[in-house]
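Report on the structure
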Amino acid sequence: MTASPNPGAVPPSRSESASEPAPVRPLNFIEQIIEADNASGKWNKRVHTRFPPEPNGYLHIGHAKSICLNFGLAKKYGSNGRAGKFNLRFDDTNPAKEEQEYVDSIKRDVKWLGADWEGPNGGGLFFASDYFDKMYEFAQDLIRKGKAYVCDLSAEEVAARRGKPGVPATSPWRDRPAEESLRLLEEMKQGKWPNGAKTLRARIDLASPNFNLRDPVMYRIVHEHHHNTGDAWCIYPMYDWAHGIEDSLEGITHSICTLEFEDHRPLYDWFIDAINVGRTGDEKINHAQQIEFAKLRPTYTVMSKRNLLKMVQDKIVSGWDDPRMPTISGLRRRGYTPEAIRAFCEDIGITKVESFIDIARLENAVREHLNKAAPRAMAVLRPLKLVIENWPAGKVDELDFVANPEDPAAGTRKVPFSGELYIERDDFMEVPAKKFFRLAPGIEVRLRWAYFVKCTSVVKNAAGEVIEVRCTYDPATRGGDSPDGRKVKGTIHWVSAQHAVPAQVRLFDRLFTAEQPGKRTENWMDDLNPNSLEVVKAFIEPHVAAALIPGNTWERGGGFQFERLGYFYADQDSRPGALVFNRTVTLKDTWAKEAAKA
RNA sequence: UGGGCGAUGGUGUAACGGUAGCACGACAGAUUUUGGUUCUGUUUGUCCAGGUUCGAAUCCUGGUCGCCCAGCCA
């Protein structure tokens, strides 16, 4: 069977809805393959995908693309009684690198993203190690068929004999009798040989221009404790040998992987075909179609597990879940939502073109979702005191604010107002710049949802810095509207000084200053952004104290839009009386852009 | 100088021999009690050279550029 896509074979199903002018996203090439398969009856309209991570690290945004793709396909083609299923499968074939901690984190992240392997489209949870017995039987089968042999060459010798383009590889053990290979494989399995002493190799083609076919290793000896099977095994299957069998045993129809496996597809197919030689009808094992797509490469970050691990080990970040990390756990801690990540993955599309995705698109996706979802609050990150000279001494006014102008169902909140407030330092200029619409001497602005105030004077310290702004307010503007219809050009946010809750706010910037870290110097560490974390002591509107609840999530009120600033999410480091917020992302800021021009 | 894959505005993505469209960005304007949101408009593209064809992003030939492959990693 060939796995080469033939997208033109069948008219895309979108023609069915030709009468509907509603714009639908065009099918990506994988959807086209699936629809062609459904039309031809190749899989009897079955669609079964899987996400097959190796538990050797935490999942990152690139994995999210694969998860959304695979689960999305199962969901999309699983309606109307058809069987669209999605498996989560751990490809745990290398105990030297794999750990239970990673299994646990991966399960949490996949579920959080909404790819529910136990839900309506769930095919279940699996481990490659569940199939070790079956794989061993298949290996014996291949030896008997003359399609595999035990090789005594060391790793170094194999490398030396690998050959070159045009020069074949060699192995002196290629024609070892099947009975002998069978016996030696059993000895390997029994633990009679040390690591590296022998391998089981597929007998394919030592002269193939595709080096993957030059008698690849199927089993190697690894005396190592496995997180799942303990010490039951000391030989472990290689990816190429294992993966197709895993797919086959689970009934996977479309085995989706990334581009670097294109060269492995002939091998994937060879192994399944080799097992099926001599089998008929129901004896034949399932043969999925491997399909490769381009992995996600966002700008301003690194993605390889090796590099992410190094940042963790070198304490450049606080851990795998540092909110600056492109990991799922980092994004979650930063305040990203599954909805936003899914929308992003949908937005970037699926192709075989290796392109860079501007990380701003991810930031856009979270803004878009949080604009609808986030309740509003006010917070002042860099406080400047504002005193209202004509405010009645000791008076506190309690005002009703809408919780979210984008979501009427969110209701209202109560916010205390008094004669001493904090405003944002950036919202005052003693000598206003061009197009600066905020507070300045003699200028009247609106305090959001409260009153108009006009600046009368400033108080400075010995260094000449403004440390206090003095204003008068207009009592007739309560709520933020002037009965006489006069307009102000600016609206600024504030918190009442005596009611404000202090909080630590962590402001994150990108981890790297270059779009492609390491491109210039070959060393990605050279492009680290030394200012990717700024911690400020902020004052926050009192009702956000709900964010003190340990284990906050968006659902439980852990996230807010701090008006005019951005989206913020209660960090797990928060303690009663010591709030910590992470800035998920800023709001778009056209004033900052304008100011930067000048 | 072996094999595999790819190339469409600034970025991403459509087109399946028949008007190069969409999204994001950028720019301009309108609305706005967040310089947010929303709305409107503008802008920019088929890697190159030949060929086939009434007609080519699409098919053919040859180039160019980029990525992947010689782990007992996945």
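Up top you'll find the structure we're talking about.
Overview of the structure. (Residues numbered from 1 in each chain as written. Chains lettered and ligands numbered in written order. Predicted model: local features only at pLDDT ≥ 70, side-chain atom pairs only at ≥ 80, totals over all residues. Heavy atoms only, no water.)

Some words on the overall build of chain A
Looking only at helices and strands, chain A has 13 helices and 25 strands in total. Put simply, 71% of the contacts in chain A that link residues at least 6 apart link residues at least 24 apart. Accessible surface, chain A as shown: approximately 27100 Å² in total, 51% of it carbon and sulfur. Side chains of chain A give 82 positive and 83 negative charges; the mean places of these two sets differ by 3 Å. (Helix = DSSP H or I, 4+ residues; strand = E, 2+ residues; numbered from the N terminus. Contact = heavy atoms within 4.5 Å. Areas by Shrake-Rupley, 256 points an atom, 1.4 Å probe, with all protein chains shown as cover. Lys, Arg positive; Asp, Glu negative; His and termini not counted. Charge placed at Lys NZ, Arg CZ, Asp CG, Glu CD.)

Considerations on the protein's contact with RNA strand B
Taken together, 64 residues form the shell around RNA strand B, and within it Gln32, Arg162, Arg376, Arg438 and Gly479 come nearest. Of what RNA strand B places within 4 Å of the protein, 65% of the atoms are sugar or phosphate. Measuring from a base nitrogen of RNA strand B, one finds a side-chain N or O atom of Asp263 at 2.7 Å. Elements represented by at least two residues in the surface near RNA strand B include exactly strand S6 (217-221), helix H11 (338-348), helix H12 (359-373) and helix H13 (590-597). (Near = heavy atom within 4 Å. Polar contact = N/O pair within 3.5 Å; in protein donor to acceptor, adjacent residues only side chain to side chain.)

A short note on the nonpolar core
One broad trend across soluble globular proteins is that nonpolar side chains are buried collectively. In this structure, Ile61, Val110, Ile341 and Phe344 are the most contacted members of the largest nonpolar core, which totals 39 residues. With six residues, helix H2 (residues 61-76) is the largest single contributor of residues to this core. Among all residues touching Ile61, those that are not within four sequence positions of it are Leu296, Pro298, Met303, Pro326, Ile328, Leu331, Ile341, Phe344 and Leu362. Membership of the second largest hydrophobic core comes to 33 residues, among which are Leu184, Ala202, Leu213 and Ile221. (Core = buried A, V, L, I, M, F, W, Y, C linked by side-chain atoms within 4.5 Å. Buried < 20%, exposed > 50% of the residue type's maximum accessible area, 1.4 Å probe, protein only.)

Describing the side chain of Asn552
Relative to the helices and strands, Asn552 is located in the loop between strand S22 (533-540) and strand S23 (559-562). Here the side chain of Asn552 touches Ile549 through a polar contact of 2.4 Å, landing on its backbone oxygen. Here Asn552 is in contact with Ala546, Ala547, Gly557, Gly558, Tyr569 and Ala570, once residues within four sequence places are set aside.

Here we look at the pairing of strand S1 (residues 47-51)
For a regular strand, side-chain orientation follows a simple rule: the groups alternate between the two sheet faces. With five of five residues buried, S1 is to be regarded as a mostly interior element. Where burial is concerned, the two faces of S1 agree: the one with Val47, Thr49 and Phe51 and the one with His48 and Arg50 are both buried. As judged from the five bridges shared by S1 and strand S2 (residues 84-90), these two strands associate in the parallel manner. When the sheet's bridge partners are listed, Val47 is paired in S2 with Gly84. (Pairing = 2+ DSSP bridges.)

Focus: H12
For H12, which comprises 15 residues, the first-to-last C-alpha distance of 21 Å matches the rise-based estimate of 21 Å (1.5 Å per residue) to within 8%. Considered for burial, the residues of H12 that qualify are Ile359, Leu362, Glu363, Ala365, Val366, Arg367 and Leu370. (Expected span 1.5 Å × (residues − 1).)

What about the sheet that holds strand S3 (residues 122-127)?
Read from one edge to the other, the open sheet built from three strands follows the order S1-S2-S3, with strand pairing classed as parallel. The open sheet terminates on both sides in strands that have one partner only, identified here as S1 and S3. Each adjacent strand pair in this sheet contributes to an overall mean axis angle of 20°, direction not counted. Packed on one face of the sheet, H2 meets S1 and S2 and runs near 160° to S1. (Axes fitted to C-alpha atoms, helices over the stretch in contact; angles between N-to-C directions.)

Brief notes about the packing of H2 against H11
It is the contact of H2 with H11, at a shortest axis distance of 9 Å, that shows an interaxial angle of 75°. Relative to H11, the element H2 is oriented roughly perpendicular. Contact residues: H2 offers Ile61, Ala64, Lys65 and Cys68, while H11 offers Ile341, Arg342, Phe344, Cys345 and Ile348. For the contact of H2 with H11, the residue count by class is seven nonpolar, no polar and two charged. (Parallel < 35°, antiparallel > 145°, perpendicular 65-115°, else oblique. Nonpolar A, V, L, I, M, F, W, Y, C, P; charged D, E, K, R; others polar.)

Re the packing of aromatic side chains
Under the counting rule described, the total for this entry stands at 27 aromatic pairs. Their ring planes at 15° and their centres at 5.1 Å tell us that Tyr58 and Trp320 sit as a pair that is stacked. On the criterion of sequence distance, the pair formed by Tyr58 in the loop between S1 and H2 and Trp320 in the loop between helix H9 (305-313) and helix H10 (328-334) is long-range, its members being 262 residues apart. Summarising the burial analysis for this pair, Tyr58 and Trp320 share the class buried. Here the aromatic cluster, defined as three or more aromatic residues joined through ring pairs, consists of Trp391, Phe401, Phe417, Trp449, Tyr451, Tyr473 and Trp494. (Phe/Tyr/Trp six-rings, centres within 6.5 Å; stacked < 30°, edge-to-face > 60°.)

Observations regarding unusual backbone geometry
Phi at Lys45 takes a positive value of approximately 65°, unusual for a residue other than glycine. Relative to the helices and strands, Lys45 resides in the loop between helix H1 (29-40) and S1. Note on Lys45: relative accessible area 42%, which makes it partly exposed. Its identity is not glycine, yet Tyr300 carries a phi of approximately 60°, on the positive side. With respect to the helices, strands and loops of the structure, Tyr300 is situated in the loop between strand S9 (289-293) and H9.

Description of the pattern of salt bridges
Under the counting rule described, the total for this entry stands at 49 salt bridges. We note a salt bridge from Asp116 to Lys111, for which the minimum N-O separation is 3.8 Å. The exposure class of Asp116 is partly exposed, given its relative accessible area of 26%. With a relative accessible area of 35%, Lys111 lands in the partly exposed category. Among the salt bridges present, the one from Arg333 reaches Asp321, with a minimum N-O distance of 3.3 Å. Taken together, the residues span a long stretch of sequence, with Arg333 in helix H10 and Asp321 in the loop between H9 and H10 at a distance of twelve residues. (Salt bridge = Lys/Arg side-chain N within 4 Å of Asp/Glu carboxyl O.)

Observations regarding the sheet that holds S6
A sheet is described by the order of its strands in space; here four strands give the open sequence S4-S5-S6-S7, paired in antiparallel fashion. Each of the sheet's edge strands pairs with one partner strand only, and the pair in question is strand S4 (148-151) and strand S7 (235-237). Strand-to-strand twist across the sheet, computed as the mean angle between neighbouring axes with direction ignored, equals 20°. Pairing between strand S5 (residues 199-202) and S6: three bridges, direction antiparallel. Considered in S6, the bridge of Leu200 is made with Tyr219. With respect to the sheet, helix H4 (residues 132-144) is in contact with S4, S5, S6 and S7, its orientation differing from that of S6 by roughly 120°.

Some thoughts on the packing of H4 against helix H8 (residues 265-276)
Where H4 meets H8, the axes come as close as 9 Å, and the angle between the chain directions of the two elements is 75°. Taken together, the axes of H4 and H8 lie roughly perpendicular to each other. Contacts between H4 and H8 involve Phe138, Asp141 and Leu142 from the first element and Trp270, Phe271, Ala274 and Ile275 from the second. By residue class, the composition of the contact of H4 with H8 is six nonpolar, no polar and one charged.

A few points about H4
With 13 residues, H4 should cover 18 Å at 1.5 Å per step; its first-to-last C-alpha distance of 19 Å lies within 8% of that length. Inspection of H4 places Phe132, Met135, Tyr136, Phe138, Ala139, Gln140, Asp141, Leu142 and Ile143 among the buried residues, and these make up the whole buried set. Following H4 by one or two positions, Gly146 has its phi on the positive side, about 75°.

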